[in-house]
Amino acid sequence: MLKFYYSGAPNPTKVALMLEETGLPYEPIPVDTRRGDQHKPDFLKVNPNAKVPAIVDGDATVFDSSACLLYLAEKT
């Protein structure tokens, strides 16, 4: 299942809307950027740029909201 790392900021929200519109199953994983969770080692393995949103879909990891939107569009 696709994993979606997000916060309440505008860029992750765009990706969340796309996920809902496509109907793809996903696991939402909140990242509290106010507490600095984006800098923790576990998240840095997903996105070394320490930013949300990020998507992990099997072997594919995509970050940057525009790249995530393109990935989801191509997947569906």
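One can find the structure itself at the top, above this paragraph.
Now for a look at the structure at hand. Bear in mind the structure is a predicted one, so any value in this text is a computation, not a measurement.

Another point: the side chain of Ser-7. Here Ser-7 shows up in the loop between strand 1 (2-6) and helix 1 (10-22). When residues no more than four places from it in sequence are discounted, the contact partners of Ser-7 are Pro-12, Val-31, Thr-33 and Val-52.

Applying the stated criterion to the full structure yields three aromatic pairs. Arranged with centres 6.1 Å apart and planes meeting at 80°, the rings of Phe-4 and Tyr-26 form a pair that is edge-to-face. Linking Phe-4 in strand 1 with Tyr-26 in strand 2 (residues 26-30), this pair joins segments that are 22 residues apart in sequence. Overall, Phe-4 belongs to the buried group, its relative accessible area being 2%. Among the aromatic residues, those joined into a ring-pair cluster are Phe-4, Tyr-6 and Tyr-26.

Within helix 3 (residues 65-75) the residues assigned to the buried category are Ser-65, Cys-68 and Leu-72. One side of helix 3 carries all its buried residues, which in axial view fall inside an arc of 60°. Residues Leu-70 and Glu-74 are exposed on helix 3 and point more than 90 degrees away from its buried face. Looking at the buried positions of helix 3, the neighbouring elements they touch are strand 1, helix 1, strand 3 (54-57) and strand 4 (60-63).

Rules used in this analysis
- Residues numbered from 1 in each chain as written.
- Predicted model: local features only at pLDDT ≥ 70, side-chain atom pairs only at ≥ 80, totals over all residues.
- Heavy atoms only, no water.
- Helix = DSSP H or I, 4+ residues; strand = E, 2+ residues; numbered from the N terminus.
- Contact = heavy atoms within 4.5 Å.
- Phe/Tyr/Trp six-rings, centres within 6.5 Å; stacked < 30°, edge-to-face > 60°.
- Buried < 20%, exposed > 50% of the residue type's maximum accessible area, 1.4 Å probe, protein only.
- Arc of directions from axis to C-beta.

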